[in-house]
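# Chains, contacts and geometry: an overview
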Amino acid sequence: MEQQRGNWSSNFGFILAATGSAIGLGNLWKFPFITWDNGGGAFVLVYLVCIAAVGLPIMMAELLIGRKTQKSAIGALREAVGPLWGLVGGWGVLCGFILLSYYTVIAGWSLFYFTKTVTWSTGGFPSDLSMGELFGAQSGNGGLQLIISLLFSIATVSVVYFGVQKGIERIARIFLPVLFAILALMLVSALTMSGSGEALAFIFRPNFAELRPSGVLEALGHSFFTLSLGMGLMITYGSYMDRTQSIVKASAIIIVLDTVVALVATVIMFSVIFSVAGMADEIGGSTVGMLFISLPELFYTVVPFGRILGPLFYVLIALAALTSSMSLLEVVTSYVIDEHGLERHKATLMCGASVFVFTVLAALSFGSTPWLSTMEIFDGKIGWFSTADHFVSNWMLPTGGLAITLAAGWFMTRETTEGELLDGIQPGWFSYGAWRFFIRFVAPIAVAAIIIAVLFFNVDFS
Ligand code: PHE
């Protein structure tokens, strides 16, 4: 029997859910680090250009394909473009599957640090504790890793189990405002710190001498990751949209909110770091370092109201991760529901369990299981986790993204895309002609540049 397809209860609910998918570990964990690594201002400026010139048109393309067909990634591409295009959708579903499997591990860490900071806030911060050692001990403890990632997986499955409106949309409606409130509190605290001036200058004053060509490509690669593009996720979310909702307006709001959150998170973290003499030199070449090694201690030494903000910060990371992980599981689940006719509850449990098998591999790849921790398929990417992240960020998202731009720009008719984008009331700044130019030329050329860079110049986006 055909089950009724899910849909968003309102435009607002949809925007919150899609924004929740976009805002995640990419904003809080990856973006501050790559901004740091690429020398600040000039990189940020390039990133903003990538978001507007590539991210925005592709966001509209994915949403329009989904809304038009009312199908999840595979079925939507097959119907909108042609039978073979189902393979691109399949690539996206696989990408969601792998991404979710390792994303869950980092999300699990936020649970660990949440319990730690609660203990420190109530019982006092142990002055002789080395944060580096603590991090190594928790990430290398296989049993602990399995427990925290299982807890987080259960949370993700529980949301998707209840469907689009009662699960995903409801959680986004509750958690996103909480997330914004925590972020605002932290921003206020950060701006009172002595390092905030230096942090703002670092982030917003472009110094082009610092920018490497690889930084430009990294900015482009990250714009896919942070906006949840390139794997058909926004196709799936678009498929639950109502025809009266404006794709253009929704895309603009999602993109602005995602960017603001990434910038605010960066201002917060850098204000803290610049407030401590010598700290800037200590931030090593690792993404995890900033969030889980440098920051925890600083809440107890320099951050005003750090005893309250510390635990809240890790709640923030967990909530941001959950609103993204649920969207990833929805991509996989909706494929099983739409294409194989499974009932939602069964489909969710089955997909959640299958993904978790791979989460186990990622969770055990931080020292607890030698072969998982030392395997090296891609040069310099040691361990299962880094291998999976490298494969997704460098290969799957850019190639999926390229295929989607080509589908919308070259393989779908002008009438179809124009009809979808001009449906509903459009904001005055939108020009269909400009969108078409960006989706046909600017975006594919930029994305092809990423792929060529990865293939021939060994640039790394993970
Ligand atoms: N956008 C999410 C983040 O920034 C990650 C993500 C990518 C989620 C792709 C869904 C799909 O963390």
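For the structure, see preceding data.
So, how was this worked out
- Residues numbered from 1 in each chain as written.
- Predicted model: local features only at pLDDT ≥ 70, side-chain atom pairs only at ≥ 80, totals over all residues.
- Heavy atoms only, no water.
- Axes fitted to C-alpha atoms, helices over the stretch in contact; angles between N-to-C directions.
- Helix = DSSP H or I, 4+ residues; strand = E, 2+ residues; numbered from the N terminus.
- Parallel < 35°, antiparallel > 145°, perpendicular 65-115°, else oblique.
- Left-handed = near helix turned anticlockwise from the far one by under 90°.
- Contact = heavy atoms within 4.5 Å.
- Nonpolar A, V, L, I, M, F, W, Y, C, P; charged D, E, K, R; others polar.
- Patch = residues over 30% accessible without salt bridge, like charges linked within 9 Å, V, L, I, M, F, W, Y side chains within 5 Å.
- Areas by Shrake-Rupley, 256 points an atom, 1.4 Å probe, with all protein chains shown as cover.
- Salt bridge = Lys/Arg side-chain N within 4 Å of Asp/Glu carboxyl O.
- Near = heavy atom within 4 Å.
- Polar contact = N/O pair within 3.5 Å; in protein donor to acceptor, adjacent residues only side chain to side chain.

So, on to the packing of helix H7 (residues 142-161) against helix H16 (residues 344-363). The N-to-C vectors of H7 and H16 enclose an angle of 155 degrees; their axes lie 10 Å apart at closest approach. As summarised for this structure, H7 and H16 are arranged roughly antiparallel, according to the angle between their axes. Seen from above, H7 lies across H16 with right-handed handedness. Facing H7, whose interface residues are Gln145, Leu146, Ser149, Leu150, Ser153, Val157, Val160 and Tyr161, H16 presents Arg344, His345, Thr348, Leu349, Gly352, Phe356, Thr359, Val360 and Ala363. Among the residues making up the contact of H7 with H16, the classes are represented as nine nonpolar, seven polar and one charged.

The next thing to look at is a nonpolar patch on the surface. Taken together, Trp410, Phe411, Phe437, Phe441 and Ile445 make up a surface patch of nonpolar side chains, about 540 Å² in accessible area. When residues of the nonpolar patch are traced back to their parent elements, those giving at least two are helix H18 (384-411) and helix H20 (432-457). Sort the elements by how many residues they give to the nonpolar patch and H20 lands first, with three residues. Along the polypeptide, Ile445 turns up in helix H20.

Turning our attention to the site of the ligand. Not every one of the 16 residues close to the ligand is listed here, only the nearest: Leu25, Gly26, Tyr103, Phe225 and Ser228. A distance of 3.2 Å separates a nitrogen atom of the ligand from a polar atom in the backbone of Ser21. Relative to its free-state accessible area of 320 Å², the ligand is covered by the protein chains to the extent of 100%. Secondary structure elements with two or more residues in the shell around the ligand: helix H1 (11-22), helix H2 (25-37), helix H5 (86-123), helix H10 (213-226) and helix H15 (306-340). In the shell around the ligand, the residues fall into eight nonpolar, eight polar and no charged.

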